[in-house]
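Structure assessment
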Amino acid sequence: MTINLDDWGLKPAFTTTKTKGRLGRVISHISQFYTVVTEGGVITAQVQGRLKFRATTKLELPTVGDWVDVVGKTESDWRIASILPRETLLKRKVVGDKSASQPLASNIDKVLIMSGLDHNFNISRLERFLTLVFDSGASPVLILNKLDKCDDLESIKKELSVLNGTCPFYFTSALSGDGVDLLDEILLPQEAVVIIGS
């Protein structure tokens, strides 16, 4: 089975980097195991010792979205030898440690920031999420869901005016389907998109 990595967001910048093994993209990370999609299929890999022991922070280890060089002595023993330079990196501060950051995802084109229009709506929280996204280098899009639960849309729009056009936003209702078709405008083929929010 051959997988077209263009469908996984492969860009020319990543194809010009020389790799020792297979080029792949990390699509999940659980404990020390990474699921990596390569042209040859989906594999499970661990971080090679040299990369692991040279890392001084979590930011120097693979995260979801990374393009990596995977090498293997056998088809069942894959190791991530290196991480290709990241275009974007979504990260947050580690709780209890003001100087450390935790990577959330890399090489992301867009970040959808979800928020309910019910009692969950909080403009300060949205501003914090926007700061994370702008710092990452990705493009933010606000998805304001539960339009069917919103009693005062004009008040919400007034609160959103403080964002001063920093990013597009969409009002949706997953229950009724209102506004959901507008998301086709922002969910483009071959773009990496993540969802954050509350």
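Let me begin by describing the structure that accompanies this report.

Reading the values: the criteria
Residues numbered from 1 in each chain as written. Predicted model: local features only at pLDDT ≥ 70, side-chain atom pairs only at ≥ 80, totals over all residues. Heavy atoms only, no water. Helix = DSSP H or I, 4+ residues; strand = E, 2+ residues; numbered from the N terminus. Contact = heavy atoms within 4.5 Å. Areas by Shrake-Rupley, 256 points an atom, 1.4 Å probe, with all protein chains shown as cover. Lys, Arg positive; Asp, Glu negative; His and termini not counted. Charge placed at Lys NZ, Arg CZ, Asp CG, Glu CD. Patch = residues over 30% accessible without salt bridge, like charges linked within 9 Å, V, L, I, M, F, W, Y side chains within 5 Å. Salt bridge = Lys/Arg side-chain N within 4 Å of Asp/Glu carboxyl O. Pairing = 2+ DSSP bridges. Axes fitted to C-alpha atoms, helices over the stretch in contact; angles between N-to-C directions.

Looking only at helices and strands, one finds four helices and 11 strands in the protein chain. Contacts in the protein chain between residues far apart in sequence, at least 24 positions, make up 62% of those at least 6 positions apart. Of the roughly 11,400 Å² that the protein chain leaves accessible, carbon and sulfur atoms contribute 53%. Between the mean site of the 23 positive side-chain charges and the mean site of the 24 negative ones, the protein chain shows a separation of 12 Å.

Next up on the list: a nonpolar patch on the surface. There is a patch of nonpolar side chains on the surface, built from Trp-8, Ile-27 and Val-42 and spanning about 250 Å² of accessible area. Tracing the backbone shows Val-42 in strand β3 (residues 41-47).

Here the focus is the sheet that holds strand β9 (residues 139-145). Here four strands make up an open sheet; going across it, the order is β10-β9-β8-β11 and the pairing parallel. Among the strands making up the open sheet, the edge pair consists of β10 (169-171) and β11 (193-197). Recorded for the sheet is a direction-independent mean angle of 25° between the axes of neighbouring strands. Pairing geometry for β9 and β10, over three bridges, is parallel. Note that in β10 the partner of Ile-143 across the bridge is Tyr-170. Those strands touched by helix α4 (residues 153-160) are β9 and β10, and its axis lies near 170° from that of β10.

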